[in-house]
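# Chain and residue survey
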Amino acid sequence: MVEAVGIVADVASFGALVGIFAMLALALNLQWGKTGLFNAGIAAFWGLGAYTASMVVTNPVPTALARPGHWGIDQAAFPAVFGVSTSFTVAIILAAIAAGVLAFFIAIPTMRLRADYFAIATLGFAEIVMNVFVKNLPGITGGVEGIGGVPQPFEFGAEGWKTNLSYFLLVASVVVVLFFLLERLVRSPWGRVLQAVREDEDAAQALGKDTFSLKLQSFVLGAGIMGLSGAFFAFWLRGVSPPPNSFTAADTFAVWVIVIIGGSGNNRGVLAGAFVVPFLEYFSVRAKSWFDLQEPLASQIFYFRLIAIGVVLILLIMWRPQGIFPEPKHVAKRPRWVIGR
Amino acid sequence: MTSDGIPILSTDGITKAFGGIRAVDRCSLAIQPGKITGLIGPNGAGKTTLFNLIAGLYAPDEGTITLRGERIDGRPPFEIVQKGVVKTFQIPREFRNLTVLENLMVAYPGHPGERPLSALIGWKRVWDREEEVRKKALDILSLVELDQLSDANASDLSGGQKKLLELARSLMVDPKVILLDEPLAGVNPTLTGKLLGIIEGLRDRKSTFFMIEHDMDVVMNRCDRVIAMHQGRPIAEGAPEEVRHNELVMEAYLGG
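Everything numeric here is computed off the predicted structure, so don't read it as measured data.

Strands in a sheet are paired, the pairing made by backbone hydrogen bonds, and the direction either parallel or antiparallel. All names here are of chain B. With mixed pairing, 6 strands are arranged side by side in an open sheet as S6-S7-S8-S3-S9-S10. The sheet terminates laterally at strand S6 (85-88) and strand S10 (233-238), the two strands that pair on one side only. Geometrically, the sheet is characterised by an average inter-axis angle of 20° between neighbouring strands, direction not taken into account. The pairing of strand S3 (residues 36-40) with strand S9 (residues 225-230) spans 4 bridges and is classified as parallel. Its bridge partner being in S9, Gly-38 is matched across the sheet by Val-226. On top of the sheet, helix H1 (residues 47-54) reaches S3, S6, strand S7 (177-181), strand S8 (208-212) and S9; it is set at about 150° to S7, its chief contact.

Put into structure tokens, the structure is as follows:
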């Protein structure tokens, strides 16, 4: 019984992480898969969301000797609904808005750049935001220590498996809702015109499309979803810490791997892809005990995931560059239900 | 300068320099409505640059461009299209992974479903409009005889079919003036006849065409008016016969 409970807790925790990466991958699939925006700054939108959410659900901590301190909100200000503090809802919404606003301001100077320059610019911005600002604002962000003591929406004390399982169910339902909303969006005339921008921006502009505005919409919406994912990541981790612990370029590339493996332009595909990266991480952490490995393999198996990701990527690009699930044909499709007369 | 009636589109002294080269140099010309105007001139005369200036891909360094009395110079390309001037590309720029039908549907101007919020909500009127757009696109596809290929990927079309698609797509915006940059280059004689037939049919329904063309047979027999450019500005303008016998034009072509 004790073991079964442990497995539930473990798998639910893993499942929640899959869901968090699935949100990131769905967002990147909108930006890159549909619009062709080479966003290499995912870590910053994710990180900003995580930090924003952490500040909303924790009390402020003043700076003291040997303690950086961080912003927060007096938790007594949030009433509880059905035993869950409303601070979580506020945190999630503010996280998405903060990341969207950051995306807007990054987009204004960089959006006119062509794909590869845009990638470099977003990568640079992300590094600046996380490494220069977030890391060096003790009193606001907790500096190098980050923010600890972030609660989860559903806490069951000693019954950790219940906490993990309910959190997994929450994340999973958010992913499902996001999936359907995004499918509806990309299968609309809006999705079609984004795809035209992706295929040939000049041609789209020559047909009267305001491509700057369309790219901006896609970029800001995608970044907002990345911020949302960041909020769920902060709750999952029960805290945030700056690079090199979290929110690094490696996280950005992990999301890219997910989208490329799953199938760029296919939301179902990237959901499938979202299992791959967290699973390899999960596997490489636990392989030591599962297979009773001896040294030196035991301490090195953790790096197995990096090799595995590399091999999978190379094989895929050689034999199936469109990903496991290729982009569906026929973009816009009338949904089963419509509103109005 | 001969002129009959009020021009639909005119340029007044526009100049565009790239480095030290004035590709278009104090160029003033006028396009008459409901006519096919040919634009000829030796290589480097500034024809394509002139088209890019009119379409808003470049802003002129000097001068003004006027569409039906309204200045359009310096406006972004998408606004100029919305005002009724559309340009086709010399080398077709189809949306490769969209179907032929989608290539046309996406060109429809002001589709309410292209706003993310209305797309997300899924108003019935958005999807009813989508049906109208589909019908319109299918009509235009049958006009250019591509209706059999409506479900094919645009990248699978032949070179000539892509030229047809390029023209068909531009018709989706109900343009008042269509700028055609060498629509017949690399097109076989049968298809050339078909394309010209379509263009003349549209002209008879009051569309205005401004067309860069090198085939003198086409220019002399199919255009209503001809403008010859040399070194960034017009050197002759008028009926094809007049321009053909203009000394400046012959000199420009023969490099005299």
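Moving on, we get to the interface of chain B and chain A. If you look at the interface, chain B gives 34 residues, while chain A gives 32 residues. Mapped onto the side of chain B that touches chain A, the elements with two or more residues apiece are helix H2 (77-82), helix H3 (100-105), helix H4 (116-121) and helix H5 (124-143) of chain B.

Attention now goes to helix H10 (residues 267-290) of chain A. Residue and element names in this part refer to chain A. Compared with the 34 Å implied by 1.5 Å per residue over 24 residues, the 33 Å span of H10 between its first and last C-alpha is a close match. The sharpest bend along H10 comes to roughly 30°, located at Ser-284. Looking at H10, one finds that the buried residues are Asn-267, Gly-269, Val-270, Leu-271, Gly-273, Ala-274, Val-276, Val-277 and Pro-278. Directly after H10, the chain includes Asp-292, whose backbone phi takes a positive value near 50°.

All names here are of chain B. The antiparallel open sheet is built from 4 strands, whose spatial order is S2-S1-S4-S5. Looking at which strands have only one partner, the edges of the open sheet turn out to be strand S2 (21-31) and strand S5 (70-71). Bridge count between strand S4 (residues 62-67) and S5: 2 bridges; the pairing is antiparallel. Bridge pairing links Thr-66 to Arg-71 in S5. In this fold H1 packs onto strand S1 (9-18), S2 and S4, with an angle of close to 65° to the strand it touches most, S2.

Conventions and cut-offs
- Residues numbered from 1 in each chain as written.
- Chains lettered and ligands numbered in written order.
- Predicted model: local features only at pLDDT ≥ 70, side-chain atom pairs only at ≥ 80, totals over all residues.
- Pairing = 2+ DSSP bridges.
- Helix = DSSP H or I, 4+ residues; strand = E, 2+ residues; numbered from the N terminus.
- Axes fitted to C-alpha atoms, helices over the stretch in contact; angles between N-to-C directions.
- Contact = placed C-beta atoms within 7 Å.
- Expected span 1.5 Å × (residues − 1).
- Bend = angle between axes of the 7 residues up to and from the residue.
- Buried ≥ 20, exposed ≤ 12 C-beta atoms within 10 Å, placed from the backbone.

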